[in-house]
Amino acid sequence: MAKRGPTYTCQACGAVYHRWQGKCDACGTWSSLSEEAQAAPVPGARGASGSRARGRVFALEGLKGETQDAPRIVSGIGELDRVTGGGFVPGSVLLIGGDPGIGKSTLLMQACAALALSGRRVVYVSGEESTGQVRLRAERMGLSEAPVELAAETNVEDIVATLGQGSRPALVVIDSIQTMWSGEVESAPGTVTQVRGSAQALIRYAKTSGACMILVGHVTKDGQIAGPRVVEHMVDAVLSFEGEGAHSFRILRGQKNRFGATDEIGVFEMTGKGLSEVSNPSALFLAGRDQAAPGAAVFAGMEGTRPVLVEIQALVAPTSLGTPRRAVVGWENSRLSMVLAVLETHGGLRLGQHDVYLNVAGGLRVNEPAADLAVAAALVSSLTGAILPPESVYFGEIALSGAVRPVSVAAARLREASKLGFEAALMPAGGAEAGDGSGLSLRRFGHVTELVADIAARAPRRDVK
């Protein structure tokens, strides 16, 4: 058999090449390919004559049969349990990713302490910090009395052997997967091959023992190493911990979950004692808003099953440049371009000589198209100088024809607005009935021209063109 040549793996996306090249064709990253040893052949894969060995026959089952809900290990942190689908599932593996210093280790230390105080065995393995550093963090948060078992180790085989001693742990935290290495993989720690091999060994232990395992993954600020992304398909759940440096709150978002929904979020606030839960994110995002300024509209959105109210801010300013600027923070740039085109074509507005700046207040990122109506209202308000009613919320999807289309879960949006003291809701013509507003005054729009006319009527007397 001919000898196989070396392989080169991109450390940014995991693409494999048989020769070195300066740029990865898959992700476009320069100088990211490194030579890595190939995995050893599986023993017994071929017989003595060179033919493939005969496999083991296993039984096949039908779709019909008894099913049981997966048991849950409730961590006691409500926002974390919400994102995971009600708690940790025994035998499952979760991957939590995020930027360095965002608070992943802080959150997991609080979860480990809560489970350990409830009488469960919890093991925290740190590959980046010593046990003394972990103790200092726990002491700052007031969790030093929790019976969490600590270790500073990076060898996967040693970790698995240690976990097999004594009773089965309920939760195992590996912080982080980039620092782990396996003796069976001939690559440096942190490379794609080593991360994949180490994660596979840890996942095998979790599945066979029934222990829940959490893998922490780092993404560097310059985006050079993205090792955890190659193991996303191997784990049961992928959670993303997000946050802005200028804000004290953090958002835990589920991107993949085999045992729950993937559109839930958990909101935390960073304090001196760790992360505290935010039970009412709408009040946090709406705090300090200027109700007397044009260009601000309150959007009633949904994050999973939770309604969230957030302020949409827009600034439309004249420009002398040939190409006006379009800057967006917290929303899709392509979606803004579509709304601007609809307002120009069907709303009769002249935006070609104006710079447009759009911001979602508080640092939250909005992904659903139901924010179209709130964005359009903020843009028209800023252009005309009209002040929108501060006690009103907006939601609705705008079609390319200018029609305002209904959105899902309108009743929950209205109830959240009513609970926070809002009095009116501007929404699509179809959707929730009047009784779903919980006392709110509902104003319905069937076309974007109706919205433009309503806001223009509030504008001060001046030429808006």
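Along each chain, numbering runs from 1 in the same order as the chain's sequence is written. Local features in this predicted model are restricted to residues whose pLDDT is 70 or higher, and side-chain atom pairs enter the listing and the counts only when it is 80 or higher, whereas totals over whole chains, interfaces and linings include all residues. As a rule here, side-chain values come from all non-hydrogen atoms in the structure, and water together with hydrogens is ignored.

**Details of the pairing of strand S8 (residues 212-218)**
Link 1 in the chain: Among the seven residues that make up S8, seven are buried, leaving the element largely enclosed by the rest of the structure.
Link 2 in the chain: Taking every second residue as pointing to the same face, both faces of S8 are buried, with Cys 212, Ile 214, Val 216 and His 218 on one and Met 213, Leu 215 and Gly 217 on the other.
Link 3 in the chain: In the sheet, strand S4 (residues 93-98) pairs with S8 via six bridges, with the strands oriented parallel. Of the residues in S8, the one forming a bridge with Val 93 is Met 213.
Link 4 in the chain: By this definition, two strands are paired if DSSP reports at least two bridges between them. Secondary structure elements follow DSSP: runs of H or I no shorter than four residues count as helices, runs of E no shorter than two count as strands, and numbering proceeds from the N terminus. As paired elements, strand S7 (residues 171-175) and S8 share five bridges and run parallel to each other. Its bridge partner being in S8, Ile 174 is matched across the sheet by Leu 215.
Link 5 in the chain: A clockwise path from the first strand over the helix to the second, with the strands pointing away from the viewer, defines a right-handed crossover. For the crossover from S7 across helix H5 (residues 192-209) to S8, the handedness is right-handed. Burial classification: accessible surface area is computed with a 1.4 Å probe over protein chains only, and a residue below 20% of its type maximum counts as buried, one above 50% as exposed, and the rest as partly exposed.

**Description of the sheet that holds strand S9 (residues 237-243)**
Link 1 in the chain: The strand order across the open sheet built from nine strands is S6-S5-S7-S8-S4-S9-S10-S11-S12, with neighbouring strands paired in mixed fashion. Each edge of the open sheet is held by one strand with a lone partner, namely strand S6 (149-152) and strand S12 (274-277). Between one strand axis and the next, the sheet turns through 25° on average, direction left out of account.
Link 2 in the chain: Judged from the four bridges that link them, strand S11 (residues 265-271) and S12 form a sheet pairing that is antiparallel. Within S12, the position partnered with Met 270 by the bridge is Leu 275. Axis definition: a line fitted to C-alpha atoms, limited for helices to the stretch in contact. Angles are taken between N-to-C directions and run from 0 to 180 degrees.

**So, unusual backbone geometry**
Link 1 in the chain: Note that the residue after Asp 175, namely Ser 176, is joined by a cis bond; omega there is 5°.
Link 2 in the chain: For Ser 176, the location among the structural elements is in the loop between S7 and H5.
Link 3 in the chain: One non-glycine residue, Ser 31, lies in the positive phi region at around 55°.
Link 4 in the chain: Tracing the chain through its elements places Ser 31 in the loop between strand S2 (16-17) and strand S3 (33-36).

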